[in-house]
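Spelled out from the first residue to the last, the chains are:
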Amino acid sequence: MKIKFILYSTLFTGLLLTGTSCSKSFLEVSPTGEVLESNYYQTPDQVFSAMVAVYNCTEAEAGYGINWYANKLGPLNAAADECYAGGGSSSDMMAYQVWNNYTMTSANAISSKFWAMDYAGINRANILISKLGTPVTGLADADRDRYIAECKTLRAYFYFELVRLFKNIPLTTVPIATSDMYNIVQAVPDSVYAQIERDLNAAIPVLPSTVATTEYGRLTKGSAMALLGKAILYENNTARMADAASWLNKVNTSGVYHLLANYKDIFDPGNKFNAESIWEISHSGTSQAWWGPSDFRGNVYCTMIGPRSYSAVGTPDADHIYYSGWSFNPIIKAFATKIHNDPRYKYTVADLDSLVAIGQATYSGSAGYMNTGLFIQKYAALLKWKCVTGQAELNWPNDVIEIRLADTYLMEAEALVRGSGDLVRAKALLDAVRARVGLPSVPVTLDNIYNERMLELATEGHRWFDLVRTGKAASVLAFKGFVAGKNEILPIPLEELNNTKLIQNPNY
Amino acid sequence: MKQTILTLLFIFCSLALSAQGLQVKGVVTSADDGQLLPGVSISVKGTTTGSLTDAIGAYTINAPANSTLVFSFVGMKTQEILVKSSTTLNVVMQSSTAMMEEVVVVGYGVQKKSVVTGAISSVKATDLMDMATPRIEDALKGRTSGVTIASSSGVPGADATVNIRGITSINSASPLYVVDGVPVIGGIDYLNQGDIESIEVLKDAASAAIYGTQAAAGVILITTKKGTAGALKVNYNGYVGTQAPEHKLNLLNATEYATIRNEALVAAGSPMLFSNPSSLGVGTDWQGVIFNNNAMIQNHEISFSGGNDKSTYYASVAYFDQEGIVATDISKYQRTTVRLNSAHKVTKWLNFGNNVSYSHIKVKQGFSANDYFGGVLASAVNMDPVTPLITADLNPATEPYASHLTSIVRDANGYPYAISSYVGQEMTNPAAYIKTQEGNNSWSDNLVGNMYLEVQPIKGLQLRSSIGTKLAFWGDDSFSPIYFLSNTNSNLTQNSYNRSLNRTFTWTFTNTVSYTRSFDKHNFTILLGTEARDQGNTFGTGASIHGIPATTFYNASMNYNVPATQTSGWGYENQPYTLSSIFARLNYDYQGKYMLTGIVRRDGSSHFGSNNVYGYFPSVSAGWVVSQEGFWKTNDYINYLKLRLGYGVNGNDNLSPFLYTSTIGSIGGYTIGNTNYTGYGPTAPANPSLKWEQTSQLNFGVDAKLFKNFTAAIEVFQKTTTGMLMQVVIPEYVGASAQPWGNIASMWDRGLELELGVNYKIGDLTINFKGNSSITKNQITDIGSNDHLVNATMQSSAYEVSRKVVGQPVNEFYGFKYLGVFQTQAEIDAYVDKDGNKIQPTAKPGDYKWLDVDGDGSITSSDRTWLGNPNPTFTYGFTLNLAYKGFDLVAFGQGVSGNKIFNELRRLDIPGANYMNSALGRWTGPGTSNTYARIVEGDPSNNFSVPSQFYLQDGSYFRLKTLQIGYTLPMSLMDKVNFSKARIYVSVNNLFTLTKYEGYDPEIGGGQSIYGIDRGVYPQARSFMAGIDFTF
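A few words now on the overall build of chain B. Counting its secondary structure elements, chain B contains 10 helices and 56 strands. For 1032 residues, the compact-globule estimate of 2.2 N^0.38 gives 31 Å, and chain B sits close to it at 32 Å. If one aligns the C-alpha atoms of chain B with their principal axes, the spans along those axes are about 95 × 75 × 70 Å. A buried classification covers 57% of the 1032 residues belonging to chain B. Total accessible area on chain B stands at roughly 40000 Å², and carbon and sulfur atoms take up 57% of it. Once the 73 positive and 79 negative side-chain charges of chain B are each reduced to a mean point, those two points are 10 Å apart.

Residues and elements named next belong to chain A. Tracing the sequence through the fold places A79 in helix α4 (residues 73-79). Exposure remark for A79: the relative accessible area of 0% places this residue in the buried category. Taking the C-alpha atoms as reference, A79 lies 7.8 Å from N101; in sequence the two are 22 residues apart. Ignoring sequence-local partners within four residues, the contact set of A79 consists of W99, Y102, W464, L477 and K480.

Before going further, it helps to examine unusual backbone geometry. Residues apart from glycine generally show negative phi values, whereas peptide bonds are mostly found in trans. Cis geometry is found at the peptide bond from E399 of chain B to P400 of chain B, where omega equals 5 degrees. Among the structural elements, P400 of chain B can be located in the loop between α7 (375-382) and α8 (430-437). The phi dihedral of K167 of chain A falls on the positive side, at around 65 degrees, and the residue is not glycine. Within the chain, D939 of chain B stands out as a residue other than glycine whose phi angle is a positive 45 degrees. For D939 of chain B, the location among the structural elements is in the loop between β50 (900-903) and β51 (952-954).

Right, let's talk about the interface of chain A and chain B for a bit. Size of an interface, as often reported, equals the accessible area lost when the parts are brought together. Opposite the 70 residues of chain A that make contact, chain B presents 63 residues. At the boundary of chain A with chain B, the tally comes to 0 salt bridges. For the pair chain A and chain B, the interface holds 22 residue pairs in polar contact (both at pLDDT 80 or more). Residue assignment for the side of chain A that touches chain B shows that the elements contributing at least two residues are α1 (2-21), α2 (23-27), β1 (35-36), α3 (44-59), α6 (110-131) and β4 (277-281) of chain A. Broken down by element, the side of chain A that touches chain B gets its largest block of residues, 10 residues, from α3 of chain A. Here β1 of chain A runs beside strand β34 (residues 663-666) of chain B; their pairing, made up of 2 bridges, is antiparallel.

Moving on to helix α15 (residues 405-418) of chain A. Residues and elements named next belong to chain A. Over its 14 residues, α15 extends 20 Å from the first C-alpha to the last, a length consistent with the 20 Å expected when each residue adds 1.5 Å. For α15, the buried fraction is high: 13 of the 14 residues fall into the buried class. At the C-terminal side of α15, S420 shows a positive phi close to 55 degrees.

Once that is clear, we can look at the packing of helix α10 (residues 241-252) of chain A against α15 of chain A. All names here are of chain A. Across the interface, α10 lies against α15 with an axial gap of 8 Å and an inter-helix angle of 150 degrees. If you check the angle between α10 and α15, you find them roughly antiparallel. Between α10 and α15 lies a crossing of left-handed hand. Contacts between α10 and α15 pair M241, A244, A245, L248, N249, V251 and N252 from the former with L405, T408, Y409, M411, E412, A415, L416 and R418 from the latter. Of the residues assigned to the contact of α10 with α15, the class counts are 10 nonpolar, 3 polar and 2 charged.

All names here are of chain B. Taken in spatial order, the 3 strands of this open sheet run β51-β50-β55, and their pairing is mixed. Each edge of the open sheet carries a strand with a single partner, namely β51 and β55 (1013-1014). By the bridge criterion, 3 bridges tie β50 to β51 in an arrangement that is antiparallel. The partner of K900 across the bridge, within β51, is D954.

Our focus in this paragraph is the nonpolar core. Judged by nonpolar contacts, the single largest core of 144 residues is most densely connected at W99, W115, F166, I169, I196 and W464 of chain A. If you tally residues by element for this core, the top one is helix α7 (residues 141-166) of chain A, at 14 residues. Residues A264, F274, F902 and Y951 of chain B belong to the second largest nonpolar core, which totals 37 residues.

Our next topic: the sheet that holds strand β47 (residues 865-868) of chain B. All names here are of chain B. Read across the sheet, 4 strands follow the order β42-β43-β44-β47 without closing on themselves; strand pairing throughout is antiparallel. At either margin of the open sheet sits one strand with a lone partner, and together these are β42 (789-790) and β47. Summarising the sheet, β42 and strand β43 (residues 802-804) pair through 2 bridges and their orientation is antiparallel. When the sheet's bridge partners are listed, L789 is paired in β43 with K804.

Our next topic: empty space enclosed by the protein. All names here are of chain B. Approximately 290 Å³ is the volume found for the largest cavity. Taken together, 26 residues make up the lining of the largest cavity; nearest its centre are P134, D138, G154, Q322 and Q1020. Elements supplying a minimum of two residues to the lining of the largest cavity: α3 (136-140), β12 (147-151) and β56 (1021-1031). Split by residue class, the lining of the largest cavity holds 9 nonpolar, 11 polar and 6 charged. Quantified by volume, the second largest cavity comes out at close to 160 Å³. If you go around the second largest cavity, you meet 16 residues; those closest to its centre are G166, I167, T776, N871 and P872. With 3 residues, the top contributor of residues to the lining of the second largest cavity is strand β41 (residues 765-782). Here the lining of the second largest cavity is built from residues that sort into 5 nonpolar, 9 polar and 2 charged.

Attention now goes to a nonpolar patch on the surface. Taken together, the side chains of L596, V620, L645, Y647, L698, F700, I714, V716, L752, L754 and I775 of chain B define a hydrophobic patch exposed on the protein surface, amounting to about 890 Å² of accessible area. If you list the elements that add at least two residues to the nonpolar patch, you get β33 (638-652), β38 (693-706), β39 (710-727) and β40 (741-762) of chain B.

Take the pattern of salt bridges next. Residue and element names in this part refer to chain A. Following the criterion strictly, the structure yields 72 salt bridges over all chains and no others. Put simply, K384 and D319 hold a salt bridge, and the shortest N to O gap is 2.8 Å. In this pair, K384 sits in the loop between β8 (374-376) and β9 (400-404) while D319 sits in the loop between β5 (311-312) and α12 (333-339), placing the two residues 65 residues apart along the sequence. Taking the shortest distance from any N to any O, the salt bridge between E460 and K378 comes out at 2.7 Å. Taken together, the residues E460 in the loop between α17 (446-456) and α18 (463-469) and K378 in the loop between β8 and β9 connect sequence positions 82 residues apart. We classify E460 as buried; its relative accessible area is 4%. Take K378: its relative accessible area is 4%, and that puts it in the buried class.

Procedures and definitions
Residues numbered from 1 in each chain as written. Chains lettered and ligands numbered in written order. Predicted model: local features only at pLDDT ≥ 70, side-chain atom pairs only at ≥ 80, totals over all residues. Heavy atoms only, no water. Helix = DSSP H or I, 4+ residues; strand = E, 2+ residues; numbered from the N terminus. Rg over C-alpha atoms; globule rule 2.2 N^0.38 Å. Buried < 20%, exposed > 50% of the residue type's maximum accessible area, 1.4 Å probe, protein only. Areas by Shrake-Rupley, 256 points an atom, 1.4 Å probe, with all protein chains shown as cover. Lys, Arg positive; Asp, Glu negative; His and termini not counted. Charge placed at Lys NZ, Arg CZ, Asp CG, Glu CD. Contact = heavy atoms within 4.5 Å. Salt bridge = Lys/Arg side-chain N within 4 Å of Asp/Glu carboxyl O. Polar contact = N/O pair within 3.5 Å; in protein donor to acceptor, adjacent residues only side chain to side chain. Pairing = 2+ DSSP bridges. Expected span 1.5 Å × (residues − 1). Axes fitted to C-alpha atoms, helices over the stretch in contact; angles between N-to-C directions. Parallel < 35°, antiparallel > 145°, perpendicular 65-115°, else oblique. Left-handed = near helix turned anticlockwise from the far one by under 90°. Nonpolar A, V, L, I, M, F, W, Y, C, P; charged D, E, K, R; others polar. Core = buried A, V, L, I, M, F, W, Y, C linked by side-chain atoms within 4.5 Å. 1 Å grid on protein atoms, 1.4 Å probe; cavity = no way out; pocket = protein on both sides within 12 Å on 5 of 7 lines; lining within 4 Å. Points joined across faces, edges and corners; volume = space filled by probe spheres on them. Patch = residues over 30% accessible without salt bridge, like charges linked within 9 Å, V, L, I, M, F, W, Y side chains within 5 Å.

Below you can see the structure in the form of structure tokens.
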């Protein structure tokens, strides 16, 4: 009997101990139908998908994670002397309105969208770069290096956006740990530019000079070199103008790019990734986006800048048959007057009032807030590009060209002039841009270069930055309420100051 | 035993069987406190004849002359008394030890009630005897202090919201149910009430800490009946009854409706709709269409129990069937349960046993129980009384009938059910709607059981191992015919037949060692244990086939062959969920005078983050029986006094799985080479520190016996919940695609509870009264960086109905308050701010004069304020038992107060929706009303389209839940059939409800988002039942 007691008791105690000792692994369960971050980034396909997510933040339309409409052309055009905010009323797209009349505060939405989208891109790039520190089975070293180079180029792009919009920004190159989230401080702008240069210098040797058509949209050596030259130019240091010119020269003389013969072909959705395009943000008319939270691939900006209640009358040419839109960013009459005699005018401005006058269109001018009758032509929603499936408003295929050859020509010319470089080459670059649209040579002065930029690059999102970095903003934008010493940069979004160590920008 | 069975077979055909003997009767009381003892077993020594004392401690038994009666009861000394002649024999039972030995279940064991140091309320089988309630929660309602139970609706078999000591978390937190020692997840509706021996509610953290991370909202321990050694006892208990609604709403009749509609249209500048309202008469009573004044309810259960020294058993089978009082054709609940509990002594030191139950439940419930989006209740409330039930024509030539002659729903005579032209959207003719739902049902099969093994190697040491499992299947079976109910509710293309099947399997493996020892006057028990549980094995699949050659549910089948394009399917599986625990408890007492209990439990849960895989839940409590001290003078006022104090910590691990880690999701794509790629990345940053919500509770209690006949228990508690889960707002410079979850919010509940018992005997009349009441207060103290959290929303309004804010009770109603109704333009002009500007410049006479809460001179969203608490602050209940000779009466009532109900019965976005009778008192001119604004089509002044005081009503009620009168047949008659007990009774549930609330029913549970919000709640039935209960 005693033996049995002991036997049973031992058995029993054994069971108890077993129950306890194996408990830790018993609690380590894996999810079904979901992938843990720690189990991802392990195949070439997964790495590719992660890279797609980084590119997503350049498109700045809308997405699952960041669910808002955040196109940057709209507010930048509204901020400059080119366009008004427009829309349906003075409260339509407040992000546009408050920059149009310089009433932005840290609490109204304008700045937070740029801020959030760019930082989302930085975080995604940081994550992928850190994940690629571990070898991925099946991923060739060259492919891995290219992904890293793309991430660094994109990270440089996002930081360049942030530093020139907000100036005083947090700078991190690794994913922010939960414990550090509230301890980040703002970096001095110089160190942000230094990081941009470091990333681009690392990426340039790795990136391919050109990509196959199936890879259109992925970055090239030219994209990174152009951005590097541009960033150095924005650093505004005369001693470094030669550096800027040198990088831009490499792009301009690479042989990969040339100016298109016809100016109007540059923005044609049928002519994507053309020889003049150096950095192009792709869009698609085939993603079948619908209203509601969805992952946009279409370019909604095209709809936003269209005339309200538009109808074509008769048979205008296909470049002047529009899709009815919401009347944002009407072009300011004074600006139109400035560029009116330029051969590029008709490719820049959609003169709806004239179309109405000659009986080719009707639209509701009164429905558009601050309507001028003049609309943006470069990104206009032309009926011929209307999507086949999906909501027409949301699915325009028009790509946004971030950097193109005429821009890098003019930037190189500017850097040469400012850095006392080769003025003959500077003149040749300026003349090339003018000659393409049949304009005669002019002396290569900074004023002429800046004037050319205004004409060549109108409504492409460069004008406001040019005005600010050349110190002209205060006078040119005085009519909109621009305050010198304040409005050169945007306020840090209010919610970013809660419980963090960030400091608001001056005068906000 | 055979003889008894034979007797059973013959009882109905012959009453001639008889036995010679004496009739002995009397009452049995406890020597400790003079309480009457129900359930004492009385047997004639050396025979199988036996009896039990009834609810009030009375018994009768027939015994041969000069036989010995044996009185036995758990915790009492067994008494043997020789009887020589028919007599009244009142017996006083002594405790088997010096102390009162009532035991309570405390989790992984039992404890003598006298040395309990926590706050535990106990309900015994005898309290629930013959109560006709289909669910345990319902049976528990009003029985104990500190437990607020609100049925989610009166739907047969509907579940209930159970809050022990207030609301414990802003997230879902319901009590843990432990049945026969095994935690049961997923509801306890599989239990048959007649099988229940006792229910214990562990209210404070000191007692509940033994269940650690699942016990924050309290623990309800349910013990099922066991057999006792002795003769086979067969018990039948059954009742049948009829149910009807307690009352109907006072809605406008057709004439009144048309008058108000006309008035509203004219006020808005539109033409009148009804040229002669009075010609419309009373119109259609839609409530009459859906309510059943004679819905059946019945319950039958038969149990067998008995055993010998080695083995005991309890077996039962029960059937419960309840029709709904609303749309009975599509509202019905049926449950069959089978149970077998047995216990076996293999040797002196080895026992094993099992508790196994199977249940099958079938529910027809073709509409929502509390929802303004359609269904029969909302339709009956909102449909206009002008539309008739059926059309006069078999084939009307008017629209919308004419275009849908083949799909409109028709009555038995082929007349189409009428379609309202005044009330549309989700509202449809309820009679037609019922036809489209016929047959649809859901069902579940539950197999719940446990098996245990106990070893006692040496005296005082017990090793116990138990494995408990639950295997459940559930599903739906529905058919959607071709129908046209209205322009917005139709199925004109294809019929469809849908089935779903879900399965879950949970197991719990528990091992404990306990050792009990006494040294001199020191008594202690140590318990150590481990437990592992897996409750994540759940999956489901479903399929639909479309376009089958069937017209009703009853001729639909999955066997029809349809093309693959006409079939569809789906499936899911739950994430894994495991728990692993170790725990220890020490009970110590000195002479039963000073006692101390300490508990610590370590729980590991797969829901916790990697930094917090294990949570530790300690508690300590102490008791002092003051009345046993030497200095205590025996007196007639306070006969017994015990003080208790306890503190403990519990957790709530009811968080979604894998919130602590970072998972990959689609976070935005990009177009490369004309291909649209999806981008993947982490959705939210990991929070490896994520852990359980923690509830700590301090409890002070007093138990007393006063004036010999009174017992009282008082509890005071403070409960604090911290680390409640919320999404953390993180800076955007982090760049995350979503916000992580964190342990952020906190709140407290404080309360006072009182339980009182009285026992009195005046001649043959025995009076037994038990009452309880509780006051509970709740306040949110932290919701992170949020200004507020929205709880319920209101129809088409942008304003929420209730919110969570720091400093207020959880989910308090929020909206506008009015100062009255503007009677004249002069009053509008006179309503000005401090600068003399009109506050409501666009108001018209008859509009509400809103309170300008923020004093800014205009009425804006910031003029909303607190309108009341949906959760009652005061709850109470009582049971009164009266017994006089063979008659007994039970009255059981229960009530709440301090809460408000948001009456959202009327659909605001349907201008033609019918009104409550109170609309007759609307403002129609100066002096007509100062509380009910004018009614204008479109409500241009927003008098009614915002949440306001207008919708709030006092939710207090008192309800007589049960009134029962029974008669126990005299022994002289029972002798003839060899019965040991036979009782017949009639019972009324919900005889009356005292309330000012004008809706169907003031009892509205059903989750935090709808608690106290009436969108047409299915009312509780008033039922009349007759039953019999006999044992032989």
